[in-house]
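# Coordinate inspection notes
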Amino acid sequence: MTLTRSMARFTAGLAGAALLCTALSAQARELSVSTVLSDAFPWGQAAEKWAELVEERSGGELTLRVYPNSQLVSGDQTREFSAMRSGLIDAAVGSTINWSPQVPELNLFSLPFFIPDEAAVDAVTGGEAGGMIFEAIESRGVIPLAWGENGFRQVSNSRGPISEPGDLDGLKIRVVGSPLFQDTFSALGADPTQMSWTDAQPALTTGAVDGQENPLSVFDVARIDQVGQEYLTLWNYMNDPLIFAVNQQVWRSLSEEQQTLLRETAQEAGEWEIAMTREEESERLAAIQERGVTVTELTDEQYQAFVDATQSVYEKWAPRIGEALVDAAQTAIDAR
Ligand code: X2X
């Protein structure tokens, strides 16, 4: 064989391999999905469920790879939305709290004592208000697909039982990096400190902070009682929904079939996760109590004292969220 002939064959071989690679990559498309919590928690399980359903139904043509622990944003969960908008992340199952710095409408869910129970959550997310929130997200370059749920957030601390606002006086409470939380805990007389979840656990362990607030599932799975959080108050002061979403350019690059598949599987995974999170609440509470945590439940009067103490937060934030949205949510809650 002459040198030129073997060269020609070699080049043809290379071209063939390149073609095959292109064909394969056109066939199988992998999207990155960011989450703050891993699949030890319902939140991470929601993302894994989504990935499973997509893989199954697309026959492997479209796959989702879940990156937990805010690793795609170096632990800074409040950057997740921006990273998704800019295309650094293809998709996410994220908390309304963490995305609220970029989407002010999402602060609706963080208004203290505004959404009192699960029926109220469903009335808001499933109604006109929910539609307005999805539009607000879409107008900022991200396509929202479905709701999930991190749960009602309860407050814990290492000092003593909290049953009235005065019990929070001067307590250092770790809060998420969203300004509304700063206002809520300041209004209650506490000393709030903003930090990421990654930083929260060491801060609780060393006693740099006295308390934190998170849903029962997070308290239970992360064994928050083992870092000295012996007092837990059930006050349902806010619900933390999750949203399944995809970057807009990525969305537009998908076929209509793939879009439908992604949306339907997100909705299915979301419904599955919401039901599971709610079902597990009572077992989680029992497990937490069994580990020796003192659980405080509020009387109606005690609850009202917290509502009254945080009224100023509502007044400051309702205009920032948008009065029309707050009204639509209020109407849905009243009619539930
Ligand atoms: O940081 C938190 O507290 C967490 C895990 O609940 C959220 O990401 C909102």
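Here we summarise the structure given alongside this text.

Calculation notes
The residue count restarts for each chain, going from 1 along the sequence in the order it is written. Thresholds applied to this predicted model are a pLDDT of at least 70 for local features of residues and 80 or more for the giving and counting of side-chain atom pairs; totals over whole chains, interfaces and linings are not thresholded and use all residues. Side-chain measures were taken over the full set of non-hydrogen atoms in the model, leaving aside hydrogen atoms and water. Two rings from Phe, Tyr or Trp (for Trp, the six-membered ring) form a pair when their centres are within 6.5 Å of each other. A pair whose planes differ by under 30 degrees is stacked, one over 60 is edge-to-face, and the rest are tilted. By definition here, charges over rings are those cases where NZ of Lys or CZ of Arg is within 6 Å of the ring centre and within 35 degrees of the ring normal. Here, nonpolar core means buried Ala, Val, Leu, Ile, Met, Phe, Trp, Tyr and Cys residues that are tied together by side-chain atoms lying within 4.5 Å of each other. Only protein chains enter the accessibility calculation, which uses a 1.4 Å probe. A residue is then buried if its area is under 20% of the maximum for its type, exposed if over 50%, and partly exposed in between. Under the scheme used here, helices are H or I runs from DSSP no shorter than 4 residues and strands are E runs no shorter than 2 residues, and both carry numbers assigned from the N terminus. Residues are counted as near a molecule or strand when any one of their heavy atoms sits within 4 Å of it. Definition of a polar contact: a pair of N or O atoms within 3.5 Å, with one able to donate and the other able to accept a hydrogen when the atoms are protein atoms, and with sequence-neighbouring residues admitted only if both atoms are side-chain atoms. Note on areas: Shrake-Rupley, 1.4 Å probe, and residue coverage restricted to the protein chains presented here. Here the term charged refers only to Asp, Glu, Lys and Arg, the term nonpolar to Ala, Val, Leu, Ile, Met, Phe, Trp, Tyr, Cys and Pro, and the term polar to all other amino acids, Gly among them. The convention used is that axes are lines fitted to C-alpha atoms, helices contributing only their stretch in contact, and that angles between N-to-C directions extend from 0 to 180 degrees. Each helix crossing is assigned a hand: it is left-handed if the near helix lies turned anticlockwise from the far helix by less than a right angle, otherwise right-handed if that turn is clockwise. Residues are treated as being in contact if the distance between any of their heavy atoms lies within 4.5 Å. A pair of strands is labelled paired if DSSP reports no fewer than 2 bridges between them.

## What about the packing of aromatic side chains?
Evaluated as defined, the whole model comprises 13 aromatic pairs. Ring pairing ties together the aromatic residues Phe113, Phe185, Trp235, Tyr237, Tyr303 and Phe306, which thus form one cluster. A cation sits over an aromatic face here: lysine 49 above tryptophan 272, 4.7 Å from the ring centre. If you follow arginine 320 out to its NZ or CZ, it ends over the ring of tryptophan 317, 4.6 Å from the centre.

## Describing the nonpolar core
Of all hydrophobic cores here, the largest spans 46 residues; its most connected members are Trp50, Leu145, Phe244 and Leu262. Of the residues forming this core, the biggest block, 7 residues, is contributed by helix α2 (residues 42-58). Listed in part, the 37 residues of the second largest apolar core include Ile133, Ala318, Ala329 and Ile333.

## Some words on the site of the ligand
Taken together, 13 residues sit near the ligand, with Gln77, Asn98, Arg153, Arg174 and Asn214 positioned nearest. At a separation of 2.9 Å, an oxygen atom of the ligand approaches a polar side-chain atom of arginine 153. Take arginine 174: an N or O atom from its side chain is 2.7 Å from an oxygen atom of the ligand. The fraction of the free accessible surface of the ligand (270 Å²) that becomes covered by protein chains is 100%. Here the shell around the ligand is composed, by residue class, of 5 nonpolar, 5 polar and 3 charged.

## Points about the environment of methionine 132
By the element assignment, methionine 132 lies in helix α6 (residues 128-138). Judged by relative accessible area, methionine 132 falls into the partly exposed class, the value being 25%. Separated by 193 residues in sequence, methionine 132 and leucine 325 place their C-alpha atoms 7.0 Å apart.

## Here we look at the packing of α2 against helix α11 (residues 256-290)
In the contact formed by α2 and α11, the axes pass within 8 Å of each other and the chain directions differ by 145°. By crossing handedness, the relation of α2 to α11 is classed as right-handed. Along the contact surface, α2 presents Pro42, Trp43, Gln45, Ala46, Lys49, Trp50, Leu53, Val54, Arg57 and Ser58, while α11 presents Leu261, Leu262, Thr265, Ala266, Glu268, Ala269, Trp272, Glu273, Met276, Thr277, Glu280 and Arg284. Classifying every residue of the contact of α2 with α11 gives 12 nonpolar, 4 polar and 6 charged.

## Re the pairing of strand β8 (residues 231-234)
In terms of strand pairing, strand β4 (residues 142-157) meets β8 through 3 bridges, oriented antiparallel. Residue pairing in the sheet places serine 156 in a bridge with leucine 232 of β8. Bridge count between β8 and strand β10 (residues 294-297): 4 bridges; the pairing is parallel. Within β10, the residue paired with tyrosine 231 across the bridge is threonine 294.

## With respect to unusual backbone geometry
Phi is positive for serine 74, which is not a glycine, with a value near 50°. Among the secondary structure elements, serine 74 is positioned in the loop between β2 (62-67) and α3 (80-86). For serine 74, a relative accessible area of 67% gives the class exposed. One non-glycine residue, arginine 223, lies in positive phi territory at about 50°. Tracing the sequence through the fold places arginine 223 in the loop between α9 (216-221) and β8.

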